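Each chain, letter by letter, is given below.
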Amino acid sequence: MQYEATIGLETHVMQKTNTKMFCACKYEYGAEPNTHVCPVCLGYPGALPVMNEKAIELCCKAGLLLGCEINPYSKWDRKNYFYPDMAKNYQITQADQPLCLGGQLTVDVDGEMKTFTIERIHQEENAAKNTHVAGASLVDYNRAGTALMEIVSNPCMHSAEDALAYMTAVKQIMQYGGISNCDQEKGQMRSDVNVSVRPVGQKELGAKVEIKNMNSFAFIKEAIEYEIDRQTALLESGGTVDQETRGYDPDRGETFTQRTKENAHDYRYFPEPDLMPVKIPAEQIEQWRSELPELPAQRRVRYVQELGLPEYDAGVLTADMATSDWFEQAMRHTKNAKAVSNFIMGEMMRLLSEQNCSISESNVTPEKLAGIVALIDAKTISTGAGKQVFEIIFNDGGDPKAIVEERGMAQVSDDSALEGWADEAIANNPKPVEEYKAGNPASINFLMGQVMKASRGKANPGAVMQMLKQKLDR
Amino acid sequence: MADLHKLTIYELSEKLAAGACTSVDIVNDVLASIDATDGKVGAYLTIDRASALEQAKVADALRAEGSTLPMLGIPVAIKDLLNVKGQPCTCSSKILEGYTAPYDATVIAKLREAGTVLLGRVNMDEFAMGSSTENAALGKTSNPWNLKHVPGGSSGGSAACVAADEAIAALGSDTGGSIRQPAAFCGCVGVKPTYGRVSRYGLTAFASSLDQIGPISKTVKDSALLLEVLCGHDKMDSSSIDMDVPAFGKSLTADTSLAGIKLGLPKEYFVEGMDPEVEKTVRDAVDHCKSLGAEIVDVSLPHSKYAIAVYYIIATAEASANLARFDGIRYGLRVDGKDPIELYGKTRAVGFGSEVKRRIILGTYVLSSGYYDAYYLKAQKVRTLIRNDFTAAFKQCDAILAPVTPTPAYKLGEKTDDPLKMYLDDILTTPVNLAGNCALSLPCGFSSSGLPIGLQIIGDSFAEETILKIGHAYEQTTEWHTRKPEIS
Amino acid sequence: MSEANEGMDVGYVAKLANIDLTTEETALFQGQLNQVLHYVEQLNELDVGGVEPTAHAFPVYNVLRKDEVGTSLNHADVVANAPAATDGEIRVPKILDQ
Ligand SMILES: [Mg+2]
Ligand SMILES: [Zn+2]
């Protein structure tokens, strides 16, 4: 029998807000433990939550970027469970009326365009951070109560590759949209993965296994692959899959049982009496929509249609938001998109990977690259010299014009200088001259090379060619 | 002793303004009164004498500089569930042992701004769960009118200390009658404000959608002034209503006419099993209002009888979540365990008293998987019907008159073994919390055994001015409020 | 509410609520709470079809706060309130993966 896997993702994304979701404590990664805490996020007696308007805006904008409907009316609920990282022992979240409903995402999975659908995005609050020491655990509440949204996909994926492509796209969109930095090492993007397997042709889904709280794409891929294999093997051997929550142990490359169906939580959701519902008028949604940044897919189209770049270049430039933003900045200082693109895809990417740094750290700023391109376009320097200038600035800094001047890299187009080198080349190389005159135009290239050699590369090749033709065709 | 502790806020304010006494004098008299009687009454949990005298000195200095703050130099007692920076806040529970509040509740900040002297913290039912102040882990409180009887609850300490002249006024909180019922049992005035009028920030939550802080005082006018200080929008409380606060104190005049006012009498509030003395006393009070010019009309609040069922579902459900934070992790009592789950179970077993455990379990149950719709959701829907009853009634009248309690204060220990019986006594007060509107309780007579009986004046949402005006007219033309208990 | 006739399993619910009850407490509460649940069943008399539930006495909407940093608590006070702390963090018995 053939089996197929079905995968759904619950992706938690920490939003880029200054303060927490329901209190004015600062969100700062890596701060001294328990220094950004207050009665509200510590769950002290008498403290009450108040909504952060920026978080609501970012959640709705995330929804708009992912093609969701913004719910005109949404409300808050308490999700009850005891855990030391949950100060109140309930999480404020949205059960039946989330901020965003529906949505979809079309992504390239190994060359095939696939559309994955999103059920909802709801706003909630983050938990504190536990660390484990000998015989005890320590809790730092700095992260407790920070703004966290949960993007819930439908069970619409069928392989680890699907899941990875979906998450990569979500991450890219969240970053482009200014919603979240999605820094996985800082726990800003974590996913719960639901995996089930059923015989092909069976209508209802198989028993759902949830793998909790993973932040590495590599581990998510491994865990999904392991889980599909495990469940398929179980079914093939006539066994049944238990509905349960599992964890992933990256060292052993295996998932393991955490919580069985019998021990499942009873979350006892009920409307949060301390918070008022949210109503979002249509005008507000339109305002937010007008503020949305361009997404990578839209940028790609624009680079091709408006800037005339090849599809390939547009894809490379937009893959990463920082690169794309850098490119856009350079384009404010030049019109030569292809030249800028060539430099980024060539020299820039080579040098960045050699030196293992990011584009924002490069000594070559967008303005300086535009300066180099301008010098080439004005024929002040050759393309080859331009590359040299680029590398000099990348390594040691400096201004393109000044470098060209200091190092005498400017091309020579001056007729009197060129004439001397041209006459010399013609006089010293009678054979190629003969051949050219006899009807072999390629022979002029040898003469050209001689002139370039004599000028030590500084002669303007176009001007040299013109000069040689003038003399020989006479 | 100049008997300053026996006076009202208004009387003391006049004396202070005239230079006839100082705030230090008042605080000294009140402290002496506490020394004389609180051994018997047991209202206070903690009294910070040095701090009270220091605050009084500051108030006197401010007055000398010309300050006219509304409650400058008046000592007030605080129910033990309000957070005051640097003080314990036990909620009469063992589970908050060792907790020091790091912040002021909004109402405490408002009292400070008004110049009040914070006297000390008074007893209550644990986490405000109870109607007799017998569910208190840290001490028992008696009714000053008869020490063998309960003071009512949950704000029993607040009402007892005011009745015993151990404070000029006090703050209480009312979730299902916890201000009005002890005020009635102790012969004081108490106001349950409209939900959202007074910020709940810093009030340890029992049932968030029902809790309101309010005053307990010796007269209606004192309650009006204190209420004015407490009210106002607070951005720290999302349920706080953003609207202007009327000058409740100034709005009360010497005019005692109730002409043009329609008072509703709900037949459902004269319930079966009501003490005949209570019924007669309240009906006499209704007649008295009629004699002041009010028109009495019959109204109906047909869903009143469901209020107890609805209340004990909604309040316990909210409480089960609100009290989950008392877990021995971040503050308060901890009984250690091998893992957090064991720690929680043990800490909460030792830290909570029986009534709190019972209510948390009930509240957990009504929210649990499979029961939510049958209990919680249904209760929320019937809550709507109870609200609608009031909306309809207030189309026919300006305020509603009713008893506060079916009986006067009962004996200590009389009902502690029968929780349901105790719950049923809240039948006349819980509907107002469920509907969210306001109500006032004031003394309207005494039983043959000398225990106070209260009259409840229920107002529409944000109609505090109306009920205060009616109460003030009644009070000025009767003498019940001037009687003092003999504490023996 | 027909399930209510069977009464609640106080032991199970107390576990959900994380309160260790003694056998005596369990038995006592079982009786008392079943009585309360029986009383509450009178709500079944009412037809609430089409009635909206009330969650807030006075629903207002969009009570929002600007995303501006305010004051946090003094770290020493936070640690002083904690029953156990190590290096400025709050110490708890080892958390087992749930
Ligand atoms: Mg969630
Ligand atoms: Zn905070």
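Look up a bit, the structure's there.
Reference entry: report on the structure contained in this document. These figures come from a predicted structure and were not determined experimentally.

**Let's talk about the overall build of chain A**
Okay, so step 1: Secondary structure summary: chain A contains 15 helices and 18 strands in total.
Okay, so step 2: Over its C-alpha trace chain A gives a radius of gyration of 31 Å, far above what one expects of a compact globule, namely 23 Å for 474 residues.
Okay, so step 3: By principal-axis analysis of the C-alpha atoms, chain A measures approximately 95 × 55 × 55 Å.
Okay, so step 4: When burial is assessed residue by residue, chain A has 54% of its 474 residues classed as buried.
Okay, so step 5: Here the contacts in chain A between residues at least 6 apart in sequence split such that 67% fall between residues at least 24 apart.
Okay, so step 6: As displayed, chain A offers around 20,700 Å² of accessible surface, 47% of which is attributable to carbon and sulfur atoms.

**Here we look at the overall build of chain C**
Okay, so step 1: Within chain C, the secondary structure is distributed over 3 helices and 3 strands.
Okay, so step 2: Walking chain C from its N terminus toward its C terminus, one meets helices and strands in the order α-α-β-α-β-β.
Okay, so step 3: In terms of C-alpha radius of gyration, chain C reaches 23 Å, well past the compact-globule figure of 13 Å for 98 residues.
Okay, so step 4: Taken along the three principal axes of its C-alpha coordinates, chain C extends 55 × 45 × 25 Å.
Okay, so step 5: Burial statistics for chain C: of 98 residues in total, 45% are counted as buried.

**Regarding the interface of chain C and chain B**
Okay, so step 1: Counting from both sides, the interface comprises 53 residues of chain C and, opposite them, 69 residues of chain B.
Okay, so step 2: Contact with chain B buries area across many residues of chain C, yet Thr54, Phe58 and Asn81 of chain C alone supply 13% of it, more than any other trio.
Okay, so step 3: Our enumeration of links across chain C and chain B arrives at 2 salt bridges.
Okay, so step 4: Across the salt bridge formed by Lys357 of chain B and Glu25 of chain C, the nearest N and O atoms sit 2.7 Å from each other.

**Focus: the coordination of the magnesium ion (ligand 1)**
All names here are of chain A.
Okay, so step 1: Protein-derived coordination of the magnesium ion (ligand 1) comes from Glu124 (OE), Glu124 (OE) and Glu150 (OE), at a distance range of 2.0 to 2.6 Å. Highlighted residues: Glu124 in strand β9 (residues 112–125) and Glu150 in strand β12 (residues 147–153), separated in sequence by 26 residues. Both residues of the pair, Glu124 and Glu150, belong to the buried class.

**Topic: helix α15 (residues 464–476) of chain B**
Because each turn of an α-helix spans 3.6 residues, side chains separated by three or four positions end up pointing in the same direction.
Okay, so step 1: With 13 residues, α15 of chain B ought to run about 18 Å at 1.5 Å a step, and its terminal C-alpha atoms sit 18 Å apart, in line with that.
Okay, so step 2: Glu464, Ile467, Leu468, Ile470, Gly471, His472, Ala473, Tyr474 and Glu475 of chain B are the residues of α15 of chain B that are buried.

**Description of the coordination of the zinc ion (ligand 2)**
Residues and elements named next belong to chain A.
Okay, so step 1: Within the protein, the zinc ion (ligand 2) binds to Cys23 (SG), Cys25 (SG), Cys38 (SG) and Cys41 (SG); these donor distances fall in the range 2.3 to 2.4 Å.
Okay, so step 2: Given 4 donor atoms and angles of 99 to 116° at the metal, the environment of the zinc ion (ligand 2) is assigned as tetrahedral.
Okay, so step 3: Counting along the primary sequence, the residues that act as donors to the zinc ion (ligand 2) give the motif C-x1-C-x12-C-x2-C. Taken together, the positions of Cys23 in the loop between β1 (3–14) and β2 (51–52) and Cys38 in the loop between β1 and β2 put the pair 15 residues apart, joining distant regions of the chain.
Okay, so step 4: Residue classification places Cys23 among the buried positions, given a relative accessible area of 5%.
Okay, so step 5: According to the relative accessible area criterion, Cys38 is buried, its value standing at 8%.

**Describing the pattern of salt bridges**
Okay, so step 1: Evaluation of the coordinates by the stated rule reveals 53 salt bridges over all chains.
Okay, so step 2: A salt bridge links Lys114 of chain A to Asp162 of chain A; the shortest N-O distance between them is 2.8 Å. Taken as a pair, Lys114 of chain A in strand β9 and Asp162 of chain A in helix α2 (residues 160–176) lie far apart in primary sequence, 48 residues in all.
Okay, so step 3: Residue classification places Lys114 of chain A among the partly exposed positions, given a relative accessible area of 22%.
Okay, so step 4: The partner of Glu419 of chain A in a salt bridge is Lys471 of chain A, with the nearest N and O atoms 2.9 Å apart. With a gap of 52 residues between them, Glu419 of chain A in helix α12 (residues 415–428) and Lys471 of chain A in helix α15 (residues 461–473) connect regions that are remote in the sequence.
Okay, so step 5: Taken together, the salt bridges that share partners define one network made up of Arg78, Glu272 and Asp274 of chain A together with Arg200 and Asp237 of chain B.

**Some points on a negative patch on the surface**
Okay, so step 1: Together, Asp108, Asp110, Glu112 and Glu161 of chain A give the surface a local cluster of negative charge.
Okay, so step 2: Within the secondary structure layout, Asp108 of chain A lies in strand β8 (residues 104–109).

**Notes on the layout of surface pockets**
Okay, so step 1: Taken as a whole, the second largest pocket encloses approximately 850 Å³ of empty space.
Okay, so step 2: Forming the boundary of the second largest pocket are 33 residues, of which Arg259 of chain A, Ile341 of chain B together with Lys15, Leu16 and Asn18 of chain C lie nearest the centre.
Okay, so step 3: Those elements that provide at least two residues to the lining of the second largest pocket are α10 (340–351) of chain B together with α1 (10–16) of chain C.

The rules we used
Residues numbered from 1 in each chain as written. Chains lettered and ligands numbered in written order. Predicted model: local features only at pLDDT ≥ 70, side-chain atom pairs only at ≥ 80, totals over all residues. Heavy atoms only, no water. Helix = DSSP H or I, 4+ residues; strand = E, 2+ residues; numbered from the N terminus. Rg over C-alpha atoms; globule rule 2.2 N^0.38 Å. Buried < 20%, exposed > 50% of the residue type's maximum accessible area, 1.4 Å probe, protein only. Contact = heavy atoms within 4.5 Å. Areas by Shrake-Rupley, 256 points an atom, 1.4 Å probe, with all protein chains shown as cover. Buried area = accessible area lost by both parts, 1.4 Å probe. Salt bridge = Lys/Arg side-chain N within 4 Å of Asp/Glu carboxyl O. Donors = N, O, S within 2.8 Å, 3.2 Å for Na, K, Ca; no water. Expected span 1.5 Å × (residues − 1). Tetrahedral: all angles 85-135°; square planar, octahedral: opposite > 155°, others 65-115°. Patch = residues over 30% accessible without salt bridge, like charges linked within 9 Å, V, L, I, M, F, W, Y side chains within 5 Å. Lys, Arg positive; Asp, Glu negative; His and termini not counted. Charge placed at Lys NZ, Arg CZ, Asp CG, Glu CD. 1 Å grid on protein atoms, 1.4 Å probe; cavity = no way out; pocket = protein on both sides within 12 Å on 5 of 7 lines; lining within 4 Å. Points joined across faces, edges and corners; volume = space filled by probe spheres on them.

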